[in-house]
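# Structural overview
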Amino acid sequence: RLMMGKILGQSGVALTTVGIYGSLGVGALAAAGKLGLILDPQLLWPLVWFAMAFLGAAAILAAVGAVVHDQREAGNLMGPIVALLGVPVFFIMPIAQAPHGLPATIASFVPVIGPYIMAMRSAGEIAVPGWQIGVGLVFHATVTRTLLLGAGRVFRIGILSSGTPPKFTTLLQWLIRP
């Protein structure tokens, strides 16, 4: 519960930031006389994908924060996580060139990075096929829920434990054992 409170608090900050930028965008469209563009429901999908991407990344980062004692230890665990969360950057051009191509479609269903990819695809001019949105929502909601539950378990054990920092295999054991 404590970890979820932290994640929800950070989610509020992130959504406030998105709201501010969204309001600026709506204001710019209103000034340009293009306010009709935002009535397209397709433009709401990136917000849904943003929420899932944010909650998944926050769960992973909260779990790491729960098991380290100082910034040096966090750096050792954060390298692979930052690399994983940075993967969607490499899909920006392929998605811009072919938002419904095979690489974009496959990447849309990869755990953790899929919501980022779906957000990029959903913001395009051509709508994402309905079956991909439906399957993606169910799949990524399940992955996000699993990440949140796993992070809660790691947070609970990590906060209550003391001593040496855990190894990666120890983290996996914490995630697997109830």
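In this report, we go over the structure that sits alongside the text. (Residues numbered from 1 in each chain as written. Predicted model: local features only at pLDDT ≥ 70, side-chain atom pairs only at ≥ 80, totals over all residues. Heavy atoms only, no water.)

Here we come to the overall build of the protein chain. Each helix and strand counted, the protein chain has eight helices and zero strands in total. Counting from the amino terminus, the protein chain carries its helices and strands in the arrangement α-α-α-α-α-α-α-α. When the accessible area of the protein chain is evaluated, it comes to approximately 10800 Å², of which 73% is carbon and sulfur surface. (Helix = DSSP H or I, 4+ residues; strand = E, 2+ residues; numbered from the N terminus. Areas by Shrake-Rupley, 256 points an atom, 1.4 Å probe, with all protein chains shown as cover.)

A few words now on unusual backbone geometry. For Val112, which is not a glycine, the phi torsion comes out positive at approximately 75 degrees. In this structure, Val112 sits in the loop between α5 (102-107) and α6 (114-122). A relative accessible area of 16% means that Val112 is categorised as buried. (Buried < 20%, exposed > 50% of the residue type's maximum accessible area, 1.4 Å probe, protein only.)

So, about the environment of Gly136. Tracing the backbone shows Gly136 in helix α7 (residues 130-160). A relative accessible area of 0% places Gly136 in the buried class. Remark: the alpha-carbon pair of Gly136 and Pro115, spanning 21 residues in sequence, is separated by 8.1 Å.

This part covers the side chain of Arg121. With respect to the element layout, Arg121 can be found in helix α6. Within the local environment of Arg121, its side chain forms a polar contact with the backbone oxygen of Pro99, the two atoms lying 2.7 Å apart. If we ignore the near neighbours within four places in the chain, the residues touching Arg121 are Ile95, Pro99, His100, Ala104, Thr105, Ser108, Ile126, Val128, Pro129 and Gln132. (Polar contact = N/O pair within 3.5 Å; in protein donor to acceptor, adjacent residues only side chain to side chain. Contact = heavy atoms within 4.5 Å.)

Further remarks concern the nonpolar core. Ranked by internal contacts, the top residues of the largest apolar core, which has 18 residues, are Ile7, Val67, Val68, Leu77, Val154 and Leu171. For this core, the secondary-structure elements that each account for two or more residues are α2 (45-67), α3 (71-86), α7 and α8 (168-176). The dominant element in this core, judged by the number of residues it contributes, is α2, at seven residues. Of all hydrophobic cores here, the second largest spans six residues; its members include Met118, Ala119, Val128 and Ile133. (Core = buried A, V, L, I, M, F, W, Y, C linked by side-chain atoms within 4.5 Å.)

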